[in-house]
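# Observations on the three-dimensional arrangement
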Amino acid sequence: MKKIKITNDVYMLSINVSDILFEGIWDIANGVTLNSYIVKGEKTAIIDGVVGWDGVPESLYENLSEIDVDPKDIDYLIVNHMEPDHSGWIENFKKINDNFTIVCTDKAAKLVDAFYGNSIKIQVVKEGDTLDLGNGKVLSFHPVPNVHWPDTMYTYERDSKVLFTCDMYGAFGKFDDHVFDDELTEEEVEFFEFEGIRYFSNVMNTFTPALKRAIAKSKEFDINVIAPGHGPVYRNNPNKIIDDYTRFAQYSEGAGKDEVTILWGSMYGMTGKAVEFAKGILEREGIKVNMLEMPYKSESEVVANVLKSAAIIIAAPTYEYKMFPPVAAAIDEIGRKKILGKLAFRFGSYGWSGGAEKELAEIVEKNKMKWDFLESVEFEGAPREEDLAKIEARIMDLIEKMKEKVI
Ligand code: FEO
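Computed from a predicted structure; not experimentally measured. (Residues numbered from 1 in each chain as written. Predicted model: local features only at pLDDT ≥ 70, side-chain atom pairs only at ≥ 80, totals over all residues. Heavy atoms only, no water.)

### Brief notes about the overall build of the protein chain
Counting secondary structure elements, the protein chain contains 12 helices and 22 strands. Rg of the C-alpha trace for the protein chain: 24 Å, near the compact-globule value of 22 Å for 407 residues, within the 12% margin. In the protein chain, which comprises 407 residues, the share counted as buried stands at 58%. Of the contacts made within the protein chain by residues no fewer than 6 positions apart, 72% connect residues no fewer than 24 positions apart. In the structure as shown, the protein chain presents an accessible area of about 16800 Å², 47% of it carried by carbon and sulfur atoms. (Helix = DSSP H or I, 4+ residues; strand = E, 2+ residues; numbered from the N terminus. Rg over C-alpha atoms; globule rule 2.2 N^0.38 Å. Buried < 20%, exposed > 50% of the residue type's maximum accessible area, 1.4 Å probe, protein only. Contact = heavy atoms within 4.5 Å. Areas by Shrake-Rupley, 256 points an atom, 1.4 Å probe, with all protein chains shown as cover.)

Below is the structure:
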């Protein structure tokens, strides 16, 4: 666990977690950090307390001792968001401290009861309520519902101008030595940008309308530091992560980087031959290509790459009268995550009958994805010269049309 001083009497404790499925679903290749924050006035508050993934808080207690905080003396747990990656330690904490108050929204209070029983003192707060910790440290609370869950709020510390945003402005990816934005190398900035997109797409994208409201709300504060529950802390340029999240929200509605993702699968290499051809055309035209061969790529990689791309090529054959199942499942997941308005083109092989195209239309319709598809190219068995010529023509159209989508 890392102990970091954020500013006077504000500290961060953070742990790296890996080899987990985040939310029990997402295979996050580069792990995640869980960040909690301590604010010390005459009274002490811990914001978004975290422990190891196993729920054992001993390392947290040890680290608190090292910054002169006795866990038994913690007065307030500020629960910005009740998801157990942030609140999972409460059950255990109750065993060593029976005199603390949870500060949270009304929606979180119901969840505290449901998750950890009704024996905990709770102070419900609403927009603008404050908590004076003494020694000049005053916290204020600002609900941002559906920044992930309906219970979520920001906490703002007026003296040091730190905005504690929990899931908002978070990123996957573990820390090495560097925690603050001004410490990150160019490579680490790039790493956390992709891990931010991965986090946004895996966890947050479904709630994009709420995230846009939360972005607007964060702009109302005079901010020195943005301190999220996952990923780097922004003290040099907090606007950078606000701008990044603004861009990610635009990706969610159809914009993207100047990149094409090919989401594909092939049973015996017939569709695969056309995929190689398509990749070559894109590379010839100087377009960055992200290859997602299913079922070999994780859903985490799939939604992250699709979210950030200005255009998507779906290459999948017909399988038993429907679309090749791992590609169909991936498109359904993209739809469930509400990645909307993408420019797309599909091709694929069929044998004794078609069916992939019909299932694709059903998935897109069911999830109300509003994707803009160019006319598909289907071929019987292996692609012939005339099929490849059609694919090339369609890709050239795609490259032209995607210019409107690139931001
Ligand atoms: Fe980091 Fe929605 O929990």
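On we go.
### Regarding the pairing of strand β10 (residues 130-134)
For β10 and strand β11 (residues 137-143), the ladder comprises four bridges, and the chain directions are antiparallel. Within the sheet, the bridge partner assigned to Gly134 lies in β11 and is Lys137. Linking two consecutive strands that pair antiparallel, namely β10 and β11, is a turn of two residues; a positive phi of about 55 degrees is found at Asn135 within it. (Pairing = 2+ DSSP bridges.)

### Details of the packing of helix α8 (residues 270-284) against helix α12 (residues 385-402)
It is at 10 Å that the axes of α8 and α12 come closest, and there the two elements cross at 40 degrees. Relative to α12, α8 is oriented oblique. Where α8 crosses over α12, the two elements pack in a sense that is right-handed. Across from Ala274, Phe277, Ala278, Ile281, Leu282 and Arg284 in α8, the residues of α12 making contact are Leu388, Ile391, Glu392, Ile395, Met396 and Ile399. Class assignment for the residues of the contact of α8 with α12 results in 10 nonpolar, no polar and two charged. (Axes fitted to C-alpha atoms, helices over the stretch in contact; angles between N-to-C directions. Parallel < 35°, antiparallel > 145°, perpendicular 65-115°, else oblique. Left-handed = near helix turned anticlockwise from the far one by under 90°. Nonpolar A, V, L, I, M, F, W, Y, C, P; charged D, E, K, R; others polar.)

### What to know about the domain arrangement of the protein chain
Segmenting the protein chain into domains produces domain 1 (2-252) and domain 2 (257-399). Here the C-alpha centroids of domain 1 and domain 2 sit 38 Å apart. With 19 residues of domain 1 at the interface, the matching set in domain 2 holds 17 residues. Between domain 1 and domain 2 lies a buried interface of about 1500 Å² when both sides are counted; carbon and sulfur atoms form 54% of it. When the area that domain 1 buries against domain 2 is broken down by residue, the three leading residues are Trp26, Thr206 and Tyr251, summing to 37%. At the boundary of domain 1 with domain 2, the tally comes to two salt bridges. Here Glu301 ties to Arg198 by a salt bridge, and the two come within 3.1 Å at their closest N and O atoms. Inspection of the region where domain 1 meets domain 2 yields 10 residue pairs in polar contact (both at pLDDT 80 or more). (Domains from an automatic or database assignment. Buried area = accessible area lost by both parts, 1.4 Å probe. Salt bridge = Lys/Arg side-chain N within 4 Å of Asp/Glu carboxyl O. Polar contact = N/O pair within 3.5 Å; in protein donor to acceptor, adjacent residues only side chain to side chain.)

### What about helix α7 (residues 238-252)?
Here α7 spans 22 Å end to end across 15 residues, near enough to the 21 Å set by a 1.5 Å rise per residue. All of the buried residues along α7 are Pro238, Ile241, Ile242, Asp244, Tyr245, Arg247, Phe248, Ala249, Tyr251 and Ser252. Following α7 by one or two positions, Gly254 adopts a phi angle in the positive range, close to 120 degrees. (Expected span 1.5 Å × (residues − 1).)

### Side note on empty space enclosed by the protein
Across all of its chains, the model carries one cavity of 30 Å³ or more by this definition. Approximately 40 Å³ is the volume found for the largest cavity. For the largest cavity, the full set of lining residues is Ile46, Asp48, Gly49, Leu77, Ile78, Val79, His81, His86, Ser87 and Trp89. Along the lines of polarity and charge, the residues of the lining of the largest cavity split into five nonpolar, four polar and one charged. (1 Å grid on protein atoms, 1.4 Å probe; cavity = no way out; pocket = protein on both sides within 12 Å on 5 of 7 lines; lining within 4 Å. Points joined across faces, edges and corners; volume = space filled by probe spheres on them.)

### Some remarks on the sheet that holds strand β2 (residues 10-17)
Strand order in the open sheet made by the seven strands is β1-β2-β5-β6-β7-β8-β9, with mixed pairing throughout. Sheet topology places β1 (2-7) and β9 (121-124) at the edges, where each strand pairs with a single neighbour. This sheet shows a mean twist of 25 degrees between the axes of neighbouring strands, independent of strand direction. Relative to β9, strand β8 (residues 101-104) runs parallel, the two sharing four bridges. Opposite Cys104, over in β9, you have Val124 as the bridge partner.

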